[in-house]
Amino acid sequence: MHPADRPPQCRQRPEAGQDLEAAYRAHRNSLFHFLRRKAGAEEAPDLVQEVFARAAGSEQRYQLANPGGFLRRIAQNLLIDRARRQKSSRATFFPLRDEGEGATPAAQEWNLEAADLLRLYEGAVDALPPKTRRVFLMHRVDELSYREIHEALGISIATVEYHMMRALAQISKVVDEGR
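Conventions adopted
- Residues numbered from 1 in each chain as written.
- Predicted model: local features only at pLDDT ≥ 70, side-chain atom pairs only at ≥ 80, totals over all residues.
- Heavy atoms only, no water.
- Salt bridge = Lys/Arg side-chain N within 4 Å of Asp/Glu carboxyl O.
- Helix = DSSP H or I, 4+ residues; strand = E, 2+ residues; numbered from the N terminus.
- Axes fitted to C-alpha atoms, helices over the stretch in contact; angles between N-to-C directions.
- Parallel < 35°, antiparallel > 145°, perpendicular 65-115°, else oblique.
- Left-handed = near helix turned anticlockwise from the far one by under 90°.
- Contact = heavy atoms within 4.5 Å.
- Buried < 20%, exposed > 50% of the residue type's maximum accessible area, 1.4 Å probe, protein only.
- Arc of directions from axis to C-beta.
- Core = buried A, V, L, I, M, F, W, Y, C linked by side-chain atoms within 4.5 Å.
- 1 Å grid on protein atoms, 1.4 Å probe; cavity = no way out; pocket = protein on both sides within 12 Å on 5 of 7 lines; lining within 4 Å.
- Points joined across faces, edges and corners; volume = space filled by probe spheres on them.
- Nonpolar A, V, L, I, M, F, W, Y, C, P; charged D, E, K, R; others polar.

Student: In this structure, what is going on with the pattern of salt bridges? I would like to understand it.
Tutor: A side chain with one charge may pair with a side chain of the opposite charge, provided their charged atoms come close. A full pass over the atoms with the stated rule returns three salt bridges. Among the salt bridges present, the one from Arg82 reaches Glu43, with a minimum N-O distance of 2.5 Å. Within this pair, whereas Arg82 is found in helix α3 (residues 67-89), its partner Glu43 is found in the loop between α1 (14-39) and α2 (44-57), the two being separated by 39 residues in sequence. Via salt bridges that share partners, Glu50, Arg54 and Asp81 belong to a single interconnected network.

Right, dumping it as structure tokens:
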């Protein structure tokens, strides 16, 4: 069957497959090295395949202005998802007691923990280098996209990504150490 004879939902845009294939050839090695550093040599090949599987399923694959950044973002999101799954899969067991020893209601304890967490978070943001803090706040508070931050500050999108990753890593480290 000729592609033009297929129903519209079955037609593929030929340039999308070619763009993704070209992106694969151009960026698979750098993605592999990035993922090997972050997840280990054994898992990196599978993660690279997962990145391209996610890219192939994305509607954005039809308009790749920055294929390397697109693939890197997918890889970062994949690592974040993986870390969340690993963190949530850790089970904590508490012994069951018949007598109620709760000195404070759970909501009160959660409010105290939330206040402590907010204090750690704000301290971590305040401790960021000025440019990193500015990029972070523009993205998270002002809700600007990376492209808008790039245009406002006159820095590359890769630099915006660098500052965001640096901010998230430093904030995460401070919050994790403070718990």
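Student: Can you help me understand the packing of helix α5 (residues 130-140) against helix α6 (residues 146-153) in this one?
Tutor: Helix packing geometry: the angle between the two helix axes and the distance between the axes. The N-to-C vectors of α5 and α6 enclose an angle of 135 degrees; their axes lie 10 Å apart at closest approach. Relative to α6, the element α5 lies oblique. With respect to the hand of their crossing, α5 and α6 are arranged in right-handed fashion. Contacts from Arg134, Val135, Met138 and His139 in α5 reach Tyr146, Ile149, Ala152 and Leu153 in α6.

Student: Sorry if this is basic, but what is going on with α5 here?
Tutor: Helical periodicity: at 3.6 residues per turn, an α-helix aligns residues three or four positions apart in one direction. All of the buried residues along α5 are Thr132, Val135, Phe136 and Met138. Taken around the axis of α5, the buried residues stretch over an arc of 165 degrees, which confines them to a single face.

Student: Teacher, can you tell me more about the side chain of Thr132 here?
Tutor: Mapped onto the elements of the fold, Thr132 is located in helix α5. Taking the relative accessible area as the measure of exposure, Thr132 reaches 1% and is therefore buried. When sequence neighbours within four positions are dropped, the list of residues in contact with Thr132 reads His163, Arg166 and Ala167.

Student: Would you explain unusual backbone geometry in this entry?
Tutor: What is expected of a backbone is that most residues other than glycine have negative phi and most peptide bonds are trans. Positioned with a positive phi, Glu143 is a non-glycine residue whose angle comes to about 60 degrees. Position of Glu143 among the secondary structure elements: in the loop between α5 and α6.

Student: Help me understand the side chain of His163, please; the structure alone is not making it clear to me.
Tutor: Inspection of the secondary structure puts His163 in helix α7 (residues 157-178). With residues up to four places along the chain from it excluded, the contact list for His163 reads Lys131, Thr132 and Val135.

Student: Help me understand the nonpolar core in this model?
Tutor: The tendency in soluble globular proteins is for nonpolar side chains to be buried side by side. The biggest cluster of nonpolar side chains holds 19 residues, and the ones touching the most others in it are Leu31, Leu35, Val51 and Leu71. Of all the secondary structure elements, the ones that give two or more residues to this core are α1, α2 and α3. In contact with Leu31, not counting residues within four places along its chain, are Val48, Val51, Phe52, Leu71, Arg72 and Ala75. Counting residues in each nonpolar core, the second largest holds 15 residues, with Val125, Phe136, Val160 and Met164 among its members.

Student: What's the story with the layout of surface pockets in this structure? I'm lost.
Tutor: Over the atoms rolls a probe the size of a water molecule, and its path tells where empty space is left. In this model, the largest pocket occupies a volume close to 1,000 Å³. Elements supplying a minimum of two residues to the lining of the largest pocket: α1, α3, α5 and α7. Of all the elements, α7 adds the most residues to the lining of the largest pocket, at 11 residues. Residues belonging to the lining of the largest pocket are distributed by class as follows: 15 nonpolar, four polar and 10 charged. In terms of lining residues, the second largest pocket is bounded by 14 residues, among which Gln60, Asn66, Gly69, Phe70 and Arg147 are the most central. Going through the elements one at a time, α3, α6 and α7 are the ones with two or more residues in the lining of the second largest pocket.

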